[in-house]
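Coordinate analysis (summary)
Next come the chains, spelled out residue by residue.
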Amino acid sequence: ARELFDEVDYGQASVRAIAARAGADPALVIRYFKSKENLFLETVRFQEFFQPALSGPLDGLGERLLLALLEDRHDASFSAYRAMLRASGSEVVRKRLNGAIQEMLVAPLAERITGPEAELRLRLIAAQISGLINAIANLEDEVITSTDRRKVARIYGEAVQRLIDLAG
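Residues numbered from 1 in each chain as written. Predicted model: local features only at pLDDT ≥ 70, side-chain atom pairs only at ≥ 80, totals over all residues. Heavy atoms only, no water.

Counting residues in hydrophobic clusters, the biggest one holds 29 residues, and the most contacted among them are Phe-50, Leu-65, Leu-66, Leu-69, Leu-105 and Ile-129. At eight residues, helix H9 (residues 118-137) tops the list of elements feeding residues into this core. Apart from residues lying up to four places away in sequence, Phe-50 is in contact with Leu-65, Ala-68, Leu-69, Met-104, Leu-105 and Ile-129. The next biggest cluster of nonpolar side chains, apart from the first, holds twelve residues, and it includes Val-15, Ile-18, Phe-40 and Leu-41. (Core = buried A, V, L, I, M, F, W, Y, C linked by side-chain atoms within 4.5 Å. Buried < 20%, exposed > 50% of the residue type's maximum accessible area, 1.4 Å probe, protein only. Helix = DSSP H or I, 4+ residues; strand = E, 2+ residues; numbered from the N terminus. Contact = heavy atoms within 4.5 Å.)

Next comes the structure, spelled out in structure tokens:
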């Protein structure tokens, strides 16, 4: 499924095609994953976007997070994310996306971000990252998508870094 979601638009990646690629019956895919949205969320791991960036020091973390998010290899995931959001108003999908944000950013940073209003700052960092994902994947903001990724990472990373560094 991951390979197919990377190769074609989410709407073109049918459960039948996914099952055929895996050598399985489509009913088996639905039995285990319940829906194509759930299968997508299990196979396209946005959590993996940030793991390398999170292992470094807090200094410069904002820009590293953005550089990790904006890597070329994630373009197919943005496309699939966009198609999934447009195709589904599912509460399950919304909850899973919120859980992914918790898992990929809030939880790993919870022990490292300290000081005043640390929990609020963590949630605001996650909101900033989510907003950029939405601007790219769903809104397809032309200014953001046409700007050099390093420049976006530098500028937006500074805003994220302010929340990381906030001391009082």
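Still to come is the rest of the account.
The next point concerns H9. For H9, with 20 residues, the first-to-last C-alpha span of 28 Å sits near the 28 Å given by 1.5 Å per residue. Those residues of H9 that sit buried are Ala-118, Arg-121, Leu-122, Ile-125, Ala-126, Gln-128, Ile-129, Leu-132, Ile-133, Ala-135, Ile-136 and Ala-137. (Expected span 1.5 Å × (residues − 1).)

With respect to the element layout, Arg-121 can be found in helix H9. When near neighbours in sequence (up to four residues on either side) are disregarded, Arg-121 contacts Ile-113, Thr-114, Gly-115, Pro-116, Leu-163, Ile-164 and Leu-166.

Mapped onto the fold, Pro-116 is located in the loop between helix H8 (91-110) and H9. For Pro-116, a relative accessible area of 34% corresponds to the partly exposed category. Considered as a pair, Pro-116 and Leu-166 are 50 residues apart in the sequence and their alpha carbons are 7.7 Å apart.

Despite not being glycine, Glu-117 shows a phi value in the positive range, around 50 degrees. Inspection of the secondary structure puts Glu-117 in the loop between H8 and H9. Classification of Glu-117 as exposed rests on a relative accessible area of 57%. Of note, the phi angle at Glu-140 is positive, near 50 degrees, even though the residue is not glycine. Relative to the helices and strands, Glu-140 resides in the loop between H9 and helix H10 (142-146).

Position of Glu-42 among the secondary structure elements: in helix H4 (residues 36-43). Spatially, the C-alpha atoms of Glu-42 and Arg-96 are 9.5 Å apart, while their sequence positions differ by 54 residues.

Overall, the coordinates contain zero aromatic pairs when judged by the stated rule. Above the ring of Tyr-32, the side-chain terminus of Arg-31 is found at 5.6 Å from the ring centroid. (Phe/Tyr/Trp six-rings, centres within 6.5 Å; stacked < 30°, edge-to-face > 60°. Lys NZ or Arg CZ within 6 Å of the ring centre and 35° of its normal.)

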